[in-house]
Amino acid sequence: MKILYCLLLALVCAVGPIQAVAQTSRPNVIVIMTDDQGYGDIGCHGNPIIKTPCIDRLHEESLRLTNFHVSPYCTPTRAALMTGRYPARTGAYRTSSGRTMLHRDEKTIANIFSNAGYSTGMIGKWHLGDNAPHRPQDRGFQEVLWHRGGGIGQASDYYGNDYFDDTYERNGVFEKFTGYCTDIWFHEAKTFIERHQKEPFFLYLATNAPHGPYRVAPKWSEPYRGSVLWKNGANFYGMIANIDHNLGLLRQHLKDLDLTDNTILIFMTDNGTSNGITKGDLPTGSFRGFNANMRGKKSTIYEGGHRVPCFIHWPTGGFDKGKDFHGLTAHLDILPSLLDLCGIPLPENHHPDGYSFVANLYDSSLPSHRQHYIAQLHGGAGFTHPEEPWDTSCVCKASWRLVNRDELYNLQKDPLQLKNVASDNAKIVAELRLLYEQFWNSISPRMKPVAIDVGSPAENPTKLCSQDWYLPVGNPPWNFSMINRRTPIIGPWHIMIKQDGRYRITLRQQPEQVTKPLFAKRASLTIADTTYEADVPDGSSYVHFTVDLPAGKTELITRFWNPNEPESGAYFTDVKLLETTHAP
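Not measured: the values here are computed from a predicted model.

Bringing the packing of aromatic side chains into the picture now. This structure, assessed with the given rule, holds 30 aromatic pairs. Taken together, Tyr86, Tyr373, Trp390, Tyr436, Phe439 and Trp440 form an aromatic cluster joined through their ring pairs. Above the plane of the ring of tryptophan 390 lies arginine 405, whose end atom (NZ or CZ) is 6.0 Å from the centre. Against the face of phenylalanine 519 rests arginine 486, its NZ or CZ located 3.8 Å from the ring centre.

And the structure:
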């Protein structure tokens, strides 16, 4: 009761004034999340080579969450940020293989802010589904500009995109742009802010940089050619330098519009570094990268894989003095904390795994809002085996890290996680194992396939890509290297047929823009428990099937085959509703 009384008192004394401000002049919110930039890929964190003056300045003028954790790679972090819920619970817990989409009953932070009267915008990398009802415009964002897939130039993205002068999707329509991707994202962010400067807005700006492929203009990479010697290292640093420059321009734009004081600006990244530390041998004495004295990187569950920067700047709320908050925090906590700061009630039917840390920011004497956090790569880094309990997992509590059930590290004494002390701390191990078992029992029932809509008024035709085949293990063809060599993999799309009707289903090995003839003699289609087959016309780049389908959930499986060659699927398949039909 004493703890509850202290918490209530803190909320009244500390959070109350913030909510009063929110009610009279609700703060704007901008969440900037970069892709594959680790904790050590910033000058202010001690990196001796990279130059990030604008990020460093934001660090100096912000509340810093120094013990902030995310998931070890892309999609899961985005799912947790958007919902405040553990990724496996949402259905979006891997980067391909049909496990990148949120369950239909999941609501996002954009849904909540939109319902509260905010203008909501999403710019950049989404990676939570390319088709209805999983696109950002289907998930509460009123204005969107984004690329498809997990990276620009991947199989599901607009064909031919390569970071420069690309075509992106704006509110359901593809649009050609001139310039570099990151420059475009930030320019569009500034125009969104300008359009909505007279009303409260929520903007989610998620860059694809510095995710590979590591492409950037020489202006940004050349300063690092002589010091960052590992493969693509100079380009990786150059991409971050470009982000830094654009962050500075965005903050100046906020100042020019007199929006700085009442805008909550969050800067964070989605996982540990992908290319900020060397992978191979270098000449003696060479700079080998900087990981802030942590073990691990992206796609690992050691500290360097999931501990990332998070800065919160909001002068009206007192977050502009350069202060560290050392309590355990996670991406799960951003949604409930922003709702608190903006005076927006949490919907009764939304049940986040995250907790608001707002009261703790204003009263350090309160008990910690979060006692533990669990990171897991379900199926391992390469999805080499099915999702299993304990596999590639880490339980974080205080300075303890329980890795893969049997490795225990004390970060206070061993920040590089080199000495397993499990045998000397049986009680701690038992405590952390119990936390994990409760977690697994809670989230595992939700690790089920998520269906894509076909025949929907929101998207017709539906253009499917093999990256969303739902395989028991392994990654389906998600890049053009796999597709161009006709990787012999076949998998199902889980689909929801929205209407009884006649559909035309078109099978391709390449995107629609590529007219290269099919390398196949026969094609087949299995849907709604029926298989259809056809010969491939000479010189054709596609095969059409026209079929009558009933509404409901089913699987769609495609095949191409040649004599004396393994079967493969149709990596690109369009499903178009031609006309609705009604049962007699």
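What follows is about the nonpolar core. Residues Ile32, Trp185 and Ile193 are the most contacted members of the largest nonpolar core, which totals 47 residues. Top contributing element to this core by residue count: helix α8 (residues 233-256), with 10 residues. Contacts of tryptophan 185, omitting those with residues within four sequence positions, involve Ile123, Gly124, Leu145, Trp146, His147, Ile152, Tyr168, Leu205, Thr207 and Asn208. Core analysis: the next-biggest nonpolar cluster, separate from the first, contains 45 residues, Met122, Val308, Cys342 and Ile344 among them.

So, about the sheet that holds strand β15 (residues 400-403). One open sheet holds the 4 strands; their spatial order is β13-β14-β15-β16, and the pairing between them is antiparallel. Each edge of the open sheet carries a strand with a single partner, namely β13 (373-376) and β16 (407-410). The sheet shows a mean angle of 15 degrees between the axes of neighbouring strands, taken without regard to direction. Where β13 lies against strand β14 (residues 393-397), 4 bridges are found, and the strand directions are antiparallel. Within β14, the position partnered with glutamine 376 by the bridge is serine 393.

With that out of the way, let us pick up the state of the cysteines. As used in these notes, a disulfide is a covalent bond between sulfur atoms, one from each of two cysteines. Scanning the model with the defined rule gives 0 disulfides in all. Looking at the unpaired cysteine 54, the closest cysteine sulfur is the one in cysteine 44, lying at 12 Å. Taking relative accessible area as the criterion, cysteine 54 reaches 24% and is therefore assigned partly exposed. Of all cysteine sulfurs, the one in cysteine 310 lies closest to cysteine 342, which takes part in no disulfide; the gap is 14 Å. Taking relative accessible area as the criterion, cysteine 342 reaches 1% and is therefore assigned buried.

Where charged atoms from two side chains of opposite charge come close, those side chains can pair. Under the counting rule described, the total for this entry stands at 34 salt bridges. Taking the shortest distance from any N to any O, the salt bridge between arginine 78 and aspartate 270 comes out at 2.8 Å. With arginine 78 in helix α3 (residues 74-83) and aspartate 270 in the loop between β9 (263-269) and α9 (303-306), this residue pair connects regions lying 192 residues apart in the sequence. You can call arginine 78 buried: its relative accessible area is 0%. Residues arginine 170 and glutamate 188 are paired through a salt bridge, measuring 3.1 Å at the closest nitrogen-oxygen approach. Taken together, the residues span a long stretch of sequence, with arginine 170 in strand β6 (residues 167-170) and glutamate 188 in helix α6 (residues 181-195) at a distance of 18 residues. Bridged by salt links that share partners, the residues Asp35, Arg78, Lys125 and Asp270 form one connected network.

So, about the confidence of the model for the protein chain. Put simply, the protein chain has an average pLDDT of 95, and 96% of its residues get 70 or more. The low-confidence segment residues 1-24 (pLDDT under 50) makes 26 contacts with residues lying over four places distant or belonging to another chain.

Turning to empty space enclosed by the protein, a few remarks are in order. On inspection of all chains with the given rule, the structure shows 3 cavities of 30 Å³ or more. By volume, the largest cavity amounts to about 90 Å³. As for the largest cavity, its lining consists of Ser71, Pro76, Tyr86, Pro87, Ala88, Tyr373, Ile374, Ala375, Gln376, His378 and Phe439. For the lining of the largest cavity, the secondary-structure elements that each account for two or more residues are α4 (87-90) and β13. With 4 residues, the top contributor of residues to the lining of the largest cavity is β13. Put simply, the second largest cavity is a space of about 40 Å³. Taken together, Arg486, Gln509, Phe519, Phe560, Trp561, Asn562, Glu565, Pro566, Glu567 and Ser568 make up the lining of the second largest cavity. Looking at the lining of the second largest cavity, the elements with two or more residues in it are β24 (552-562) and β25 (565-568). Its residues assigned to classes, the lining of the second largest cavity comprises 4 nonpolar, 3 polar and 3 charged.

Cut-offs used in this document
Numbering of residues starts from 1 in each chain and follows the order in which that chain's sequence is written. Thresholds applied to this predicted model are a pLDDT of at least 70 for local features of residues and 80 or more for the giving and counting of side-chain atom pairs; totals over whole chains, interfaces and linings are not thresholded and use all residues. The side-chain quantities take in all heavy atoms of the structure and omit both hydrogens and water. Here is the rule: rings of Phe, Tyr and Trp (six-membered ring for Trp) pair when centre to centre is within 6.5 Å. Planes less than 30 degrees apart are stacked, more than 60 are edge-to-face, and the remainder are tilted. The rule for a charge over a ring is simple: NZ of Lys or CZ of Arg within 6 Å of the ring centre, and within 35 degrees of the ring normal. Here, the term nonpolar core denotes a set of buried Ala, Val, Leu, Ile, Met, Phe, Trp, Tyr and Cys residues that are joined through side-chain atoms within 4.5 Å. Partly exposed residues are those whose accessible area sits between 20% and 50% of the maximum for their type, while under 20% is buried and over 50% is exposed, using a 1.4 Å probe and protein chains only. Helix and strand assignments come from DSSP, with helices taken as H or I runs of at least 4 residues and strands as E runs of at least 2, each series counted from the N terminus. Here, two residues are considered to be in contact whenever any of their heavy atoms come within 4.5 Å of each other. A pair of strands is labelled paired if DSSP reports no fewer than 2 bridges between them. Note on method: axes are straight lines fitted to C-alpha atoms, helices fitted across the in-contact stretch only, with angles between N-to-C directions ranging 0 to 180 degrees. In this description, the term disulfide denotes a pair of cysteine sulfurs within 2.5 Å. In what follows, salt bridge is the name for a side-chain nitrogen of Lys or Arg lying within 4 Å of a carboxyl oxygen of Asp or Glu. On a range of 0 to 100, pLDDT expresses the predictor's confidence in each residue. The way it works is a 1 Å grid over only the protein atoms, where trapped points that fit a 1.4 Å probe form a cavity and open points with protein on both sides within 12 Å along at least five of seven lines form a pocket, and then any residue with an atom within 4 Å of a point lines it. Grid points are joined across faces, edges and corners, and a volume is the space filled by probe spheres set on the points. Each residue gets one label: Ala, Val, Leu, Ile, Met, Phe, Trp, Tyr, Cys and Pro are nonpolar, Asp, Glu, Lys and Arg are charged, and the others, such as Gly, are polar.

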